[in-house]
Amino acid sequence: MNKILSVNNIFKSYNNKNGEVVAIDGLSFDVFEGEFLSIIGSSGCGKSTILNILSGLDKDYEGSYKFADGITPSYMLQEDALFPWLTVLENTVIGLKIQKKYNKENIDYVKHLLTKYGLKDFMDTKINNLSGGMKQRVALIRTIATKPNLIFLDEPFSALDYQTRLKVSDDIYKIVKEENITVIMVTHNISEAISVSDRVLVLSKRPSRVKSIYEIQLSNKTTPINNRKAPEFQYYYDKLWKDIDE
Amino acid sequence: MSKRQELFLKKYKRKQLFIKFVQIFSAILVLGIWEMLARFNFIDTFITSYPSKIFITIVNLFKEGNLIHHIMVTLGETLIAFFITGVVSVLISILLYRSEILSKIIDPYLTILNSLPKVALGPILIIWIGANKKSIIVMAILISVIVSIQSISVGFKNTNKSRIKILKIFGASEWEILKYAVIPSNYKIIVNACKINTGLCLIGIVMGEFLTSKSGIGYLILYGSQVFNLDLVMSGIVILLIISMLLYSVISSIEKHLDC
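Calculation notes
- Residues numbered from 1 in each chain as written.
- Chains lettered and ligands numbered in written order.
- Predicted model: local features only at pLDDT ≥ 70, side-chain atom pairs only at ≥ 80, totals over all residues.
- Pairing = 2+ DSSP bridges.
- Helix = DSSP H or I, 4+ residues; strand = E, 2+ residues; numbered from the N terminus.
- Axes fitted to C-alpha atoms, helices over the stretch in contact; angles between N-to-C directions.
- Contact = placed C-beta atoms within 7 Å.
- Expected span 1.5 Å × (residues − 1).
- Buried ≥ 20, exposed ≤ 12 C-beta atoms within 10 Å, placed from the backbone.
- Arc of directions from axis to C-beta.
- Core = buried A, V, L, I, M, F, W, Y, C linked by C-beta atoms within 7 Å.
- Domains from an automatic or database assignment.
- Nonpolar A, V, L, I, M, F, W, Y, C, P; charged D, E, K, R; others polar.

## Things to note about the pairing of strand β9 (residues 210-215) of chain A
Residues and elements named next belong to chain A.
- Two elements, strand β8 (residues 199-203) and β9, share five bridges in a ladder whose sense is antiparallel. Pairing of V202 across the sheet is with S212, part of β9.
- Adjacent in sequence and paired antiparallel, β8 and β9 are bridged by six residues.

If you want it as structure tokens, here you go:
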């Protein structure tokens, strides 16, 4: 498989007048085309910081990372961060407007996505009239409207209740697989990581670096909900649990 | 509709009706007592005036043809001050939002200026700008603009961080962040500030007219008190009440129209 991102020895610290907190120290890993990679670790270990650095929002770090040619990343946050004064369609095309790609072809593509993922009848609805799961789907379509081939997901399901969470992780898994997008997801939820990922990367406690990487090999791998029933699930769960805890 | 719902609606309507009734009735009562006390010579109408006399005075002022002029002067000045305040406070709030350092530097000065009674600046304004309309308008702006800046810039600063982050991820410029997130998130706060500004501007204009003017409702009131014509003073106050009610209802209907 082609390597599309290599992260090299990243160091990041937060400084304030009371002292310095080293969040990341010597973080290196690779990401391959088409995979679903989860990064897990205890809370406060700098998981979101990694995504902020990779997406170019945080430029205050040492070390380096490099995308392969033609890789255009996008990012979906923990909160849906939708704009309540806009309709569903207006929300999903906001990235196109900013990137000056607001033309008929791309708008049609967004409409096609909305139709394909069950939001056709809600295109002209204001955001507040949608359920939590639907909002999360809108947020994902906004993220992929600009046709990225790599997306970062930051705890994308954590604001949802358990039922919705399972359903939405299925939805989102389906969407990224069908649209052929590589994913780096940050989460602290072990079951979620196992059920959606091809590989899981465990971070050490602060300052974080890569502690271990697991290839998740489940028999009859299908949807995230079904994957939870795989016989190997518990095995990975225990391993990851121990790794995070130590 | 269920019985309980019907009962609830009935109670609800009765309550609303009661509130409206007491509101109107108490106004009529106060006016009535005032009128009666005046008619039966319990109070000295020379210094208290009375409702029917106020009404007659207003009608006469209309007939003499210059009341409209005075109202227009005050209303016009208020609106000019209102628009300038609105534009200036949004622009300065944008500036403070863009520069955290500037906002920190300026913060204590805003607080001090806010508590300064602006009317104290009146003499300076008259000397610097002149005894004219400009001074009156500047006075009203000074009274309203600082509170307005403070409330709008707090709103700007509290704009949802995730929404801004999303726009940054797409590569939005500072201007686009303002246009797509900061300003629309704060429509409500801006309209609210405008609501307060109409009142403050009217206060400022009347204060300015007290200091220096040849026309306007403030001038009428001041003139009335100087010639000891309390009917005129009271009429001026009533007209001000009507103007402020009018301005408030205009802003309220704009607010409803904006649906925010």
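## Details of the sheet that holds strand β2 (residues 19-32) of chain A
All names here are of chain A.
- Pairing is antiparallel in the open sheet, where three strands are placed in the order β2-β1-β4. Every interior strand has two partners, whereas the edge strands, β2 and β4 (62-67), have only one. Neighbour-to-neighbour, the strand axes of this sheet turn through a mean angle of 15°, independent of strand direction.
- Note that strand β1 (residues 3-16) and β4 share five bridges and pair antiparallel. The residue of β4 that forms the bridge with N8 is S64.
- Each of β1, β2 and β4 is contacted by helix α1 (residues 47-54), which is oriented at about 65° to β2, the strand it contacts most.

## Quick word on helix α4 (residues 104-116) of chain A
Residues and elements named next belong to chain A.
- For α4, spanning 13 residues, the distance from its first C-alpha to its last is 18 Å, which sits close to the expected 18 Å at 1.5 Å a residue.
- Considered for burial, the residues of α4 that qualify are V110, L113 and L114. Projection of α4 onto a plane perpendicular to its axis shows the buried side chains occupying an angular sector of 100°, all on one side. In α4, the exposed positions that point more than 90 degrees away from the buried face belong to K104, E105, D108, H112 and T115.
- Structurally, α4 contributes buried residues whose contacts are with α2 (88-92) and α5 (132-144).
- Directly beyond the C-terminal end of α4, a positive phi value near 75° is found at G118.

## Side note on the nonpolar core
- With 117 residues, the main nonpolar core has I151 and V183 of chain A together with A140 of chain B as its most contacted residues.
- Those residues in contact with I151 of chain A, other than ones at most four positions away along the chain, are P73, S74, Y75, M76, T143, I144, V176, I181 and V183 of chain A.

## What about the domain arrangement of chain A?
Residue and element names in this part refer to chain A.
- Partitioning chain A into domains gives domain 1 (3-72 + 149-245) and domain 2 (82-148).
- The C-alpha-based centres of domain 1 and domain 2 are spaced at 25 Å.
- With 14 residues of domain 1 at the interface, the matching set in domain 2 holds nine residues.
- The set of elements that each furnish at least two residues to the side of domain 1 that touches domain 2 consists of β6 (150-154) and α6 (162-178).
- The dominant element in the side of domain 1 that touches domain 2, judged by the number of residues it contributes, is α6, at six residues.

## A closer look at the interface of chain B and chain A
- Across the contact, 15 residues belong to chain B and 14 residues belong to chain A.
- Among the elements of the structure, α8 (161-169) and α9 (174-185) of chain B are those that each provide at least two residues to the side of chain B that touches chain A.
- Ranked by residue count, the leading element in the side of chain B that touches chain A is α8 of chain B, at seven residues.
- Per-class residue counts for the side of chain B that touches chain A are eight nonpolar, three polar and four charged.

## Remarks on unusual backbone geometry
Residues and elements named next belong to chain A.
- Cis geometry marks the peptide bond from R206 to P207, where omega comes out at -5°.
- Take P207: it is sitting in the loop between β8 and β9.
- A positive phi angle is found at A81, which is not glycine, with a value near 50°.
- Within the element layout of this structure, A81 appears in the loop between β5 (73-76) and α2.

## Thoughts on the domain arrangement of chain B
- Domain boundaries assigned for chain B yield domain 1 (3-43) and domain 2 (57-258).
- In this structure, domain 1 of chain B and domain 2 of chain B have C-alpha centres spaced 33 Å apart.

## So, the sheet that holds β8 of chain A
Residue and element names in this part refer to chain A.
- Strands sit in the order β5-β6-β7-β3-β8-β9 across an open sheet of six strands; the sheet is mixed. On the outer flanks of this sheet lie β5 and β9, each paired with one strand and no other. Adjacent strand axes in the sheet meet at a mean angle of 15°, parallel and antiparallel pairs treated alike.
- On the sheet, α5 packs against β5 and β6 and is oriented at approximately 165° with respect to β5.
- Packing against the sheet, helix α9 (residues 233-245) makes contact with β3 (36-40), β8 and β9, and its axis sits at approximately 175° to β9.

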